[in-house]
Amino acid sequence: MFTRGLVFLGFLVLGGFVAWLLAAWVGAMVGLILSAWIAFYLDALRLLRLQNWLTRLHSIERDDPGRVQSLPEAPTGGWLGEIADRMHRLLRWRIQAQHASQMQLQEMLAAMQASPNGVILLDADGRIEWCNQTAAGHLGLDAARDVRQHVAHLIRDPLFNAYVAAADFSAPVTIAGRKSTPSRPVRLSLQMHPYGDGQRLLLSRDVTLIEQAEAMRRDFVANVSHELRTPLTVLSGFVETLQTLELPPQDVRRYLDLMAMQSNRMQTLVDDLLTLSRLEGSPLPSLNDKVGVDALLAQCEIDARALSLVMGRSKQEIEFVQDAPAQLCGVATELQSALSNLVSNAIRYTPSEGRVVVSWKLLADGSGEFAVQDSGPGIAAEHLPRLTERFYRVDRSRSRDSGGTGLGLAIVKHVVQRHGAVLHIESEPGQGSRFSIVFPASRVQRADSPADLKAA
Ligand code: ADP
């Protein structure tokens, strides 16, 4: 500014001096005035250029703030040029800062968009400012259309409305999802998180599977307790009787036999539970472990005939048929357990005069089928889809009387799945049942020569 003053003074002195030379004092006065006018005129021109430049900057910033690179060059020269240059630099810095914060915001929104949970940003009045696609899917919102709508008008669930009205957001509220139906329930957990100046973050989470797992866990514990309680009650009753009454030896013997039966029942239940938990916890069966089908069938036959005798089904006709020798790739104990469970069910549910046929055959596509056909009571169609659920029984007392735990087919299902096989159940009341397991070709190896069989 000081330089500018000097230049202006120099301009006046020079103009005055030149005019004084030409026309003495009067000329000097006119020269001074003229010089001042010329100096002001030149400044006015520069100011006009500065104004034009500012107008252009303003329109660029308004229309496209991201175009920081295309800002017009500031007018140069003179003290106004310097002002323009400083403004230019300030503006460029501001636009860059604005651009960076825009980018940050976009990245944050993209991260929230990728969240597996639903995210809704609400203003202080509870109106939607932004929501991600997951939240839109959970709650049936339209991420663009529903902006500025009040959230309570869009989520019309009485539980959620009561939650908002109570304004206690320390815990989530669980409501039925938009696509929930009685046969396919969908459960959503919603929780508000206040932040900033009265704004709120509403998070939604699909908790259907968690709730189902929790319900299954509860049912399972209740079922196991129930299954154990009955034999335990009987056992403690007998113990009390033996402790308090003087009984003849034959009664004591009878009571002890009954007690042994109950403790066997508990033992079988615990064994089946342990088998199930081992199946769930162990790695998938490898293709390198092999077991001969004839060995599996031989063990099944021994068990089946013994069980038939124990159950007093001496007249039961039991037949084992094997069309071709083969080896199965899998865990021998698991496969034995699955096959034995099917055979044991057939023996237990088929009356004394009935017939049980256990067969193995190789199918045309290289797969192998293990089947157990019986002439027992059969099963009504409505029970078939649930037979492999834990503790599901068609006839409770018949199952218990024959020593069933309700876990046999659940074990079969697990073993079958782990070996990539498929369980088929065909049954009709009064027509008997056919349970078959089809092992995929990848797990079946023909063992045509006796040497192969021995190796198994
Ligand atoms: P359980 O120990 O009760 O036999 P399972 O899981 O092995 O339990 O079988 C579930 C239910 O399926 C049984 O309670 C029984 O009602 C029915 N079931 C299984 N196998 C047969 C069969 N061969 N004939 C008739 N009903 C059967």
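For clarity, every value in this text was computed on a predicted model and none was experimentally measured. (Residues numbered from 1 in each chain as written. Predicted model: local features only at pLDDT ≥ 70, side-chain atom pairs only at ≥ 80, totals over all residues. Heavy atoms only, no water.)

Visitor: Explanation requested: the pattern of salt bridges in the structure shown.
Guide: Pairing of side chains with opposite charge becomes possible as their charged atoms draw close. Taken as a whole and assessed by the stated rule, the structure comprises 19 salt bridges. For Glu-227, the salt bridge is made with Arg-393, and the minimal N-O distance between the two is 2.7 Å. Of this pair, Glu-227 sits in helix α6 (residues 208-244) while Arg-393 is found in the loop between β10 (368-374) and α10 (396-401), placing the two residues 166 residues apart along the sequence. Accessibility classification places Glu-227 together with Arg-393 in one group, the buried group. (Salt bridge = Lys/Arg side-chain N within 4 Å of Asp/Glu carboxyl O. Helix = DSSP H or I, 4+ residues; strand = E, 2+ residues; numbered from the N terminus. Buried < 20%, exposed > 50% of the residue type's maximum accessible area, 1.4 Å probe, protein only.)

Visitor: Explain unusual backbone geometry here, please?
Guide: You will see that Ala-24, though not glycine, has its phi angle at about 50°, which is positive. Note on placement: Ala-24 falls in helix α1 (residues 2-63). With phi around 65°, Phe-391 is a residue other than glycine that occupies positive phi space. Tracing the backbone through its elements, the reader meets Phe-391 in the loop between β10 and α10. Looking at Phe-391, the relative accessible area reads 3%, which means it is buried.

Visitor: It is not clear to me how the sheet that holds strand β3 (residues 173-176) should be interpreted in this structure. Could you clarify?
Guide: Picture the strands of a sheet paired through backbone hydrogen bonds; they go either parallel or antiparallel. Read from one edge to the other, the open sheet built from five strands follows the order β2-β1-β5-β4-β3, with strand pairing classed as antiparallel. Two strands lie at the open edges of the sheet, namely β2 (128-131) and β3, each paired on one side alone. Averaged over all pairs of adjacent strands, the angle between strand axes in this sheet comes to 25°, irrespective of strand direction. By the bridge criterion, four bridges tie β3 to strand β4 (residues 187-195) in an arrangement that is antiparallel. Paired with Ile-175 across the strands is Leu-188, a residue of β4. (Pairing = 2+ DSSP bridges. Axes fitted to C-alpha atoms, helices over the stretch in contact; angles between N-to-C directions.)

Visitor: Sorry if this is basic, but what is going on with the site of the ligand here?
Guide: Asn-345, Arg-348, Tyr-349, Ser-399 and Leu-409 are the nearest of the 20 residues found near the ligand. Here Arg-348 contributes a side-chain N or O atom positioned 2.7 Å from an oxygen atom of the ligand. Contacts to the ligand include Leu-409, whose backbone N or O atom sits 2.8 Å from an oxygen atom. Calculation on the ligand without its partners gives an accessible area of 520 Å², and the protein chains cover 97% of this total. Counting residues per element, the ones that place at least two in the shell around the ligand are α9 (332-349), α11 (408-418) and β12 (433-439). No other element matches α9, which puts four residues into the shell around the ligand. (Near = heavy atom within 4 Å. Polar contact = N/O pair within 3.5 Å; in protein donor to acceptor, adjacent residues only side chain to side chain. Areas by Shrake-Rupley, 256 points an atom, 1.4 Å probe, with all protein chains shown as cover.)

Visitor: Got a minute to help me understand the nonpolar core in this structure?
Guide: In this structure, Leu-328, Trp-360, Phe-370, Ile-437 and Phe-439 are the most contacted members of the largest nonpolar core, which totals 47 residues. For this core, the element with the highest residue contribution is α9, accounting for seven residues. With residues up to four places along the chain from it excluded, the contact list for Ile-437 reads Leu-339, Leu-342, Gly-368, Glu-369, Phe-370, Val-412, Val-416, Ala-421, Val-422 and Leu-423. Formed by 20 residues, the second largest nonpolar core is a distinct cluster that contains Leu-141, Ile-155, Tyr-163 and Leu-190. (Core = buried A, V, L, I, M, F, W, Y, C linked by side-chain atoms within 4.5 Å. Contact = heavy atoms within 4.5 Å.)

Visitor: For this particular structure, what's the right way to read the packing of aromatic side chains?
Guide: The description of an aromatic ring pair uses the distance of the two centres, along with the angle that the planes make with each other. Across all of its chains, the model carries seven aromatic pairs by this definition. Consider the rings of Phe-8 and Phe-40, whose centres lie 5.7 Å apart with planes at 45°: the pair is tilted. Look at Phe-8 and you get partly exposed, because its relative accessible area is 22%. For Phe-40, a relative accessible area of 51% puts it in the exposed group. The interplanar angle of 45° and the centroid separation of 6.0 Å between the aromatic rings of Phe-220 and Phe-391 together place this pair among those described as tilted. (Phe/Tyr/Trp six-rings, centres within 6.5 Å; stacked < 30°, edge-to-face > 60°.)

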